[in-house]
Amino acid sequence: MSKDIAKLELLKEIMVREHGLTNVCLEELRSSKNPKVQLNWLKQNAVLKHQYNEEKLIFTKLLKKERLKEGGPFCVLFFDEHVISPPAQLVKKYTTKDLTYCEHQDVFKKDRSPLEIPLEEHVSLENLLESLLAKPDEGLIDHPALVLLETLFHRHHEKEEKCFFKICESLLLPHEIDEILSLWMPMTEYRS
Ligand SMILES: [Fe+2]
Ligand SMILES: [Fe+2]
């Protein structure tokens, strides 16, 4: 395996491993007596670390690629679902408001980039988590929004591993992968 391919594989391994940790937490959430423990973990790790890294370290690099802008939807999997059942609409049922984006996310929206689609999934997950964390403890166990949260996370992971990784493979340059790894590695417990 060449050095560059090995680094790309390492980046994918880190992301898959972090998806796996999120899945374990979602599994625990199903039978949790105190769902806010898991919801807080998801916000601190799956959103504020993992998703933030994807956006700040990877999306920002992809945004500059002409090839990303050239040809239609960059991934059928992302695009289909965006049209059929937009996550923003699904979470609005529980949050009762439109999505709220952070400052660093505005650039992906303003640019009308295809990255707006996975970004909508990130923000939908974050907004749903925040709305669940703001609810009183009573009634949170078995709340129907927990099922939606799990479904949206699973679908998002599947799409990233089947499709987003391919985009990274074809568009990221070796020195960009180096840079991503150097910033992401210290933030993950993972060591090769
Ligand atoms: Fe993501
Ligand atoms: Fe991810």
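The structure under discussion appears in the preceding block.
Source: prediction; values computed, not measured.

Calculation rules
- Residues numbered from 1 in each chain as written.
- Chains lettered and ligands numbered in written order.
- Predicted model: local features only at pLDDT ≥ 70, side-chain atom pairs only at ≥ 80, totals over all residues.
- Helix = DSSP H or I, 4+ residues; strand = E, 2+ residues; numbered from the N terminus.
- Rg over C-alpha atoms; globule rule 2.2 N^0.38 Å.
- Buried ≥ 20, exposed ≤ 12 C-beta atoms within 10 Å, placed from the backbone.
- Contact = placed C-beta atoms within 7 Å.
- Expected span 1.5 Å × (residues − 1).
- Bend = angle between axes of the 7 residues up to and from the residue.
- Axes fitted to C-alpha atoms, helices over the stretch in contact; angles between N-to-C directions.
- Parallel < 35°, antiparallel > 145°, perpendicular 65-115°, else oblique.
- Left-handed = near helix turned anticlockwise from the far one by under 90°.
- Nonpolar A, V, L, I, M, F, W, Y, C, P; charged D, E, K, R; others polar.
- Arc of directions from axis to C-beta.

1. Topic: the overall build of the protein
Step number 1: When helices and strands are tallied, the protein shows 9 helices and 0 strands.
Step number 2: Counting from the amino terminus, the protein carries its helices and strands in the arrangement α-α-α-α-α-α-α-α-α.
Step number 3: In terms of C-alpha radius of gyration, the protein reaches 17 Å, essentially the compact-globule figure of 16 Å for 192 residues.
Step number 4: Counting across all 192 residues of the protein, residues that qualify as buried make up 29%.
Step number 5: Considering only intrachain contacts with a sequence separation of at least 6, the fraction spanning at least 24 residues in the protein is 81%.

2. Looking at helix H2 (residues 35–63)
Step number 1: Here H2 is 29 residues long, yet its end C-alpha atoms lie only 36 Å apart, well below the 42 Å a rise of 1.5 Å per residue gives.
Step number 2: Where H2 bends most, at Tyr52, the angle is about 30°.
Step number 3: Those residues of H2 not exposed but buried are Pro35, Leu39, Leu42, Ala46, His50, Gln51, Glu54, Glu55, Ile58, Phe59 and Leu62.

3. Let's talk about the environment of Leu8
Step number 1: One can find Leu8 in helix H1 (residues 3–30).
Step number 2: A C-alpha to C-alpha distance of 19 Å links Leu8 and Arg67, two positions 59 residues apart in sequence.
Step number 3: With near-sequence residues (within four places) excluded, Leu8 lies in contact with Glu169 and Ile177.

4. Looking at the packing of H2 against helix H7 (residues 116–133)
Step number 1: As a packed pair, H2 and H7 sit with axes 10 Å apart at the nearest point and diverge in direction by 155°. In this view, H2 runs roughly antiparallel relative to H7, as classed from their interaxial angle. The crossing of H2 and H7 is left-handed. The segment H2 lies against H7, with Lys36, Leu39, Asn40, Leu42, Lys43, Val47, Gln51 and Glu55 engaging Leu119, His122, Leu125, Glu126, Leu129, Leu132 and Leu133.
Step number 2: Grouping the amino acids of the contact of H2 with H7 by side-chain chemistry returns 8 nonpolar, 3 polar and 4 charged.

5. Some words on helix H9 (residues 174–184)
Step number 1: Along H9, the residues classified as buried are Ile177, Ile180 and Trp184. Angularly, the buried residues of H9 cover 60° about the axis, an arc narrow enough to put them on a single face. Exposed residues lying more than 90 degrees from the buried face of H9 are His175, Ser182 and Leu183.

6. Describing the packing of H7 against helix H8 (residues 144–171)
For any two helices packed against each other, one specifies the crossing angle of their axes together with the interaxial distance.
Step number 1: At a closest axis distance of 10 Å, the pairing of H7 and H8 adopts a crossing angle of 155°. Looking at the two axes, H7 sits roughly antiparallel to H8. Our pair here, H7 against H8, has a crossing hand that is left-handed. Two secondary-structure elements touch here, H7 through Pro118, Glu121, Ser124, Leu125, Leu128, Leu129 and Leu132 and H8 through Ala145, Leu148, Leu149, Leu152, Phe153, His156 and Phe164.

7. Thoughts on unusual backbone geometry
Step number 1: The phi torsion at Thr96 lies on the positive side, around 55°, for a residue other than glycine.
Step number 2: Its location among the elements puts Thr96 in the loop between helix H5 (87–95) and helix H6 (106–110).
Step number 3: Classification of Thr96 as exposed rests on a count of 8 C-beta atoms within 10 Å.

8. Quick look at the environment of Ser32
Step number 1: Positionally, Ser32 belongs in the loop between H1 and H2.
Step number 2: For Ser32, a count of 16 C-beta atoms within 10 Å translates into the label partly exposed.
Step number 3: Each C-alpha atom of the pair Ser32 and Ile141 lies 7.4 Å from the other, and the pair is 109 residues apart in sequence.

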